[in-house]
Amino acid sequence: NQLRLALEALRNDQPQIFWIVNRFGYSVSAEGTSIELYSHYSAEECAVRIDRVEEEARRLTGVLQEGMTPFERELALHDALLQAVEYDGQAKDSSEKPEPFTVYGALVEGKAVCQGYALAMQLLLYYAGIESTIVSGSASGIAHAWNAVQLEGSWYYLDPTWDDTDDGIRYHYYNVTTEVLTQDHGLYPSYPGKTADGEEQFNVWIPVCTATAENY
């Protein structure tokens, strides 16, 4: 359980490590515990893909201008990301085709599911000097992921996937409170909790979002 928590925290905190498979092996001996992680790609493929992610991240962060407030930086990146990516309604299984579930799928291939949107948003916010984290739960009866963003010392929820619509970009889920978000989103419990149906789904950490000053 501790290893699973650590791996989940690593994947959430470092979206640029998109090549890690969500499973691990370990062994225990007198010398300690050895952990074995796995990759979706070869070392050569990783190097190429990592360069592509960094290239696209630099391109999208080009919308940032000197003198922007944190809110304005977040808004510019939110809009740039949603203009660059579209929802991949065909993606079903990350083990068979991991890209839509990663920052690579969102930034390089331009197609992603909610997890890819959220991880890409987090990476762009990191480059902009804005702290954020990934939050997971459910929406419309299916698993879902989005961001929590810290501005001026307060936390807000941001759901870039649900702001990306067929009619264009909207801001219904831009820096909202927990009260607003949970009207149609369900939060997975904090570790080591389980969902109501007994699934082992959890959040590493859930921020309390009550501020409204930086709402769109």
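Check the entry above for the structure.
Just so you know, these numbers come straight off a predicted model, no measurement behind them.

**Remarks on the nonpolar core**
Part 1 of the argument: One finds V53, L81, V103 and L107 to be the most contacted residues of the largest nonpolar core, which totals 36 residues.
Part 2 of the argument: Within the residue set of this core, elements represented by two or more residues are α2 (43-60), α3 (70-84), α4 (103-109), α5 (114-127), β6 (142-151) and β7 (154-158).
Part 3 of the argument: With 8 residues, α5 is the largest single contributor of residues to this core.
Part 4 of the argument: Setting aside its immediate chain neighbours within four residues, L107 contacts V53, E56, A57, L60, L81, A120 and L123.
Part 5 of the argument: In this structure, W155, Y157, W162 and L181 belong to the second largest nonpolar core, which totals 11 residues.

**Notes on a nonpolar patch on the surface**
Part 1 of the argument: Taken together, the side chains of L10, Y26, V28, I35 and L37 define a hydrophobic patch exposed on the protein surface, amounting to about 490 Å² of accessible area.
Part 2 of the argument: Broken down by secondary-structure element, the contributors of at least two residues to the nonpolar patch are β1 (20-29) and β2 (32-39).

**Overview of the state of the cysteines**
Covalently bonding the sulfur atom of one cysteine to the sulfur atom of another cysteine gives a disulfide.
Part 1 of the argument: Scanning all chains against the criterion turns up 0 disulfides.
Part 2 of the argument: The cysteine C114 is free of any disulfide, with C209 supplying the nearest cysteine sulfur at 18 Å.

**Structural notes on the packing of α2 against α5**
Part 1 of the argument: At a closest axis distance of 10 Å, the pairing of α2 and α5 adopts a crossing angle of 65°. In this structure, the crossing between α2 and α5 has a hand that is right-handed. On the side of α2, the interface is formed by V53, E54, A57 and L60, while α5 contributes L123, L124 and Y127.
Part 2 of the argument: Residues that form the contact of α2 with α5 fall into these classes: 6 nonpolar, no polar and 1 charged.

**Overview of the sheet that holds β6**
Part 1 of the argument: The strand order across the open sheet built from 5 strands is β10-β7-β6-β5-β11, with neighbouring strands paired in antiparallel fashion. Looking at which strands have only one partner, the edges of the open sheet turn out to be β10 (174-176) and β11 (185-187). Adjacent strand axes in the sheet meet at a mean angle of 45°, parallel and antiparallel pairs treated alike.
Part 2 of the argument: Where strand β5 (residues 132-139) meets β6, 8 bridges bridge the pair, whose relative direction is antiparallel.

**Observations concerning the pairing of β1**
Part 1 of the argument: In this structure, β1 lies alongside β2, joined through 7 bridges in antiparallel fashion. In the strand pairing of β2, V28 is matched with T33.
Part 2 of the argument: If you look at the hairpin formed by β1 and β2, you'll find 2 residues sitting between the two strands.

**Details of the pattern of salt bridges**
Part 1 of the argument: Tallied over the entire structure, the rule returns 4 salt bridges.
Part 2 of the argument: Two residues, E99 and R49, come together in a salt bridge whose shortest N-O distance is 3.4 Å. Highlighted residues: E99 in the loop between β3 (86-87) and α4 and R49 in helix α2, separated in sequence by 50 residues.
Part 3 of the argument: Residues joined by salt bridges that share partners form a network here, namely R49, K97 and E99.

Parameters and conventions
- Residues numbered from 1 in each chain as written.
- Predicted model: local features only at pLDDT ≥ 70, side-chain atom pairs only at ≥ 80, totals over all residues.
- Heavy atoms only, no water.
- Core = buried A, V, L, I, M, F, W, Y, C linked by side-chain atoms within 4.5 Å.
- Buried < 20%, exposed > 50% of the residue type's maximum accessible area, 1.4 Å probe, protein only.
- Helix = DSSP H or I, 4+ residues; strand = E, 2+ residues; numbered from the N terminus.
- Contact = heavy atoms within 4.5 Å.
- Patch = residues over 30% accessible without salt bridge, like charges linked within 9 Å, V, L, I, M, F, W, Y side chains within 5 Å.
- Areas by Shrake-Rupley, 256 points an atom, 1.4 Å probe, with all protein chains shown as cover.
- Salt bridge = Lys/Arg side-chain N within 4 Å of Asp/Glu carboxyl O.
- Disulfide = S-S within 2.5 Å.
- Axes fitted to C-alpha atoms, helices over the stretch in contact; angles between N-to-C directions.
- Left-handed = near helix turned anticlockwise from the far one by under 90°.
- Nonpolar A, V, L, I, M, F, W, Y, C, P; charged D, E, K, R; others polar.
- Pairing = 2+ DSSP bridges.

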